[in-house]
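Below are the chains, spelled out letter by letter.
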Amino acid sequence: MRERRRERLKSVLVRELSQIIREEVDLPENLFVTVQGVELSKDGSKAKVFISALNREDAVRAVEQLNRAQGYIHHLLGKRLRLKIVPRPEFFVSPEVLL
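As the structure is a prediction and not an experimental result, all values here were calculated from the model. (Residues numbered from 1 in each chain as written. Predicted model: local features only at pLDDT ≥ 70, side-chain atom pairs only at ≥ 80, totals over all residues. Heavy atoms only, no water.)

A. Representation of the overall build of the chain in the model. A tally of helices and strands in the chain yields three helices and three strands. Computed over C-alpha atoms, the radius of gyration of the chain comes to 13 Å, within 12% of the 13 Å expected from 2.2 N^0.38 for 99 residues, which places it in the range of a compact globule. Every one of the 99 residues in the chain was classed for burial, and the buried ones make up 38%. Sequence-distant contacts, at least 24 apart, represent 64% of the contacts inside the chain between residues at least 6 apart. Roughly 6600 Å² of accessible area belongs to the chain as shown, and the carbon and sulfur atoms make up 48% of that amount. On the chain, the mean spot of the 19 positive side-chain charges and the mean spot of the 14 negative ones are 10 Å from each other. (Helix = DSSP H or I, 4+ residues; strand = E, 2+ residues; numbered from the N terminus. Rg over C-alpha atoms; globule rule 2.2 N^0.38 Å. Buried < 20%, exposed > 50% of the residue type's maximum accessible area, 1.4 Å probe, protein only. Contact = heavy atoms within 4.5 Å. Areas by Shrake-Rupley, 256 points an atom, 1.4 Å probe, with all protein chains shown as cover. Lys, Arg positive; Asp, Glu negative; His and termini not counted. Charge placed at Lys NZ, Arg CZ, Asp CG, Glu CD.)

B. Just the environment of V86, in detail. With respect to the secondary-structure elements, V86 resides in the loop between α3 (70–80) and β3 (88–93). Taking the relative accessible area as the measure of exposure, V86 reaches 17% and is therefore buried. Measuring from C-alpha to C-alpha, the distance between V86 and D43 comes to 10 Å, with 43 residues separating the pair along the chain. If near-sequence neighbours (up to four positions away) are discounted, V86 is found in contact with G44, S45, H74, L77 and G78.

C. Representation of helix α2 (residues 56–68). For α2, spanning 13 residues, the distance from its first C-alpha to its last is 19 Å, which sits close to the expected 18 Å at 1.5 Å a residue. Taken as a whole, α2 has its buried residues at D58, A59, A62, V63 and L66. Buried residues in α2, looked at end-on, bunch into an arc of 135°, giving them a common side. Counted as exposed and oriented over 90 degrees from the buried face of α2: E57 and R68. Residues of α2 that are buried in the fold lie against α1 (3–23), β1 (33–40), β2 (46–53), α3 and β3. The N-cap of α2, judged by a side-chain oxygen 3.4 Å from the amide nitrogen of E57 a few residues on, is N55. (Expected span 1.5 Å × (residues − 1). Arc of directions from axis to C-beta. Polar contact = N/O pair within 3.5 Å; in protein donor to acceptor, adjacent residues only side chain to side chain.)

D. How the structure looks around the packing of aromatic side chains. For the coordinates displayed, the defined rule picks out one aromatic pair. Where F50 meets F92, the ring centres are 6.1 Å apart and the plane angle is 35°; that geometry is what we call tilted. Of the two residues, F50 is situated in strand β2 and F92 in strand β3; the sequence distance between them amounts to 42 residues. For F92, a relative accessible area of 26% gives the class partly exposed. Lying over the aromatic face of F92, K48 brings its terminal NZ or CZ to 5.7 Å of the ring centre. (Phe/Tyr/Trp six-rings, centres within 6.5 Å; stacked < 30°, edge-to-face > 60°. Lys NZ or Arg CZ within 6 Å of the ring centre and 35° of its normal.)

Listed below in structure tokens is the structure:
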């Protein structure tokens with residue numbers, strides 16, 4: 001995958017995943033999360049999505065919930081993005097989250 005296309009896809013994924021998490025996924029009440037960034041595999045089939053929250057415990061809870069809904073989120077990405085290979089998201093706590 002060319003670097004320019006890869007960068008465009010990463011920014012689209014951040015925008016779409018943020019919207020999906022905000023509107024489609026049921027997170028616990030009073031849990032505000034942010035998509036900090038995305039790393040794509042070389043072939044674009046996998047995406048590491050980094051999530052942050054106000055504190056580490058909230059981020060860990062959100063990542064657990066999002067990884068359980070991973071198949072549903074992948075399905076929604078497939079409907080929104082016109083790609084031959086839709087990246088399968090895997091969620092991680094962002095390293096920038098405060099301890």
